[in-house]
Amino acid sequence: MKQKECAVLPLPKIALTSSDYPRLEQLARLAVQKGDLDGIFLMGEINRADIVADETDNVRPFVTIGSWVTHCTNWGVPRRTVQLVWPEECWSDPACISVLTPLGTALIGLRVGDQMPYFVAGCLNVVRVQSLTPSDSKVVPFFRRGPTRSGNPFDDDPGPTAA
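The residue numbers shown here count from 1 along each chain, following its written sequence. Local features in a predicted model are, by the rule used here, given only for residues with pLDDT of at least 70; side-chain atom pairs are given and counted only at 80 or more, and totals for whole chains, interfaces and linings are based on all residues. Heavy atoms from the whole structure form the basis of all side-chain values; hydrogens and water molecules are not counted.

A. The arrangement of the sheet that holds strand E4 (residues 80-85) in detail. At least two bridges found by DSSP between two strands is the condition for calling them paired. Working definition: helices are DSSP H or I runs of at least four residues, strands are E runs of at least two. Numbering for both runs from the N terminus. Read across the sheet, five strands follow the order E5-E4-E3-E7-E6 without closing on themselves; strand pairing throughout is mixed. Across the chains shown, the open sheet's two edge strands, defined by having one partner strand only, are strand E5 (96-98) and strand E6 (115-120). Within the sheet, the average angular offset between the axes of one strand and its neighbour, ignoring direction, is 45°. Here the axes come from fitting lines to C-alpha atoms, over the contacting stretch only for helices, and the angles between their N-to-C directions go from 0 to 180 degrees.

Have a look at this one:
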């Protein structure tokens, strides 16, 4: 019986910022407790990552929360640019991708040129980072887009007021 040869893509070295690490770990733990497979993948990535101080020059070349990443995948889909965000910041904007998705988890901590395998619906995929624009922590949004009473992110009605 002839043994099949299987090419294994080596996992790239990844890094997380010390400011993102605690929240990422908490997010992954909660997801794992719920049996979420994406949470298990994120926890595995957190466990193998180097944690680096935010102030070091080594942070800039890594994908962090808030980074804009241009990537391509093995699906044959043209390259795409997305911003990696926390799950609650990911509405219906196709330019945002949650770190708690298979692709988002695969991107965290990568550098330009890195390739990372990940699974979606039982299929092996590979993402390659083509370019990266790090988040600028000095930029603060004028207002925060998020859920409202009605669940509509554009609902600016303050609700009932006293007469």
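There's more to say after this.
B. Up close: the nonpolar core. Counting 29 residues, the largest nonpolar core has Leu24, Leu42, Val99, Leu107, Leu110 and Val127 as its most contacted members. Top contributing element to this core by residue count: helix H1 (residues 21-33), with four residues. By the convention used here, residues are in contact when the closest approach between their heavy atoms is within 4.5 Å. With residues near it in sequence (within four places) discarded, Leu24 still touches Leu16, Leu42, Ile46, Ile65, Trp86, Val99 and Ile108. By convention a nonpolar core is built from buried Ala, Val, Leu, Ile, Met, Phe, Trp, Tyr and Cys residues, the set being connected through side-chain atoms within 4.5 Å. The buried label applies to any residue whose accessible area, calculated with a 1.4 Å probe on protein chains only, is under 20% of its type's maximum; exposed applies above 50%, and partly exposed to all values in between.

C. Spatial organisation of the environment of Leu24. Considering the arrangement of structural elements, one finds Leu24 in helix H1. Along the primary structure Leu24 and Trp86 are separated by 62 residues, whereas in three dimensions their C-alpha atoms are 8.8 Å apart.

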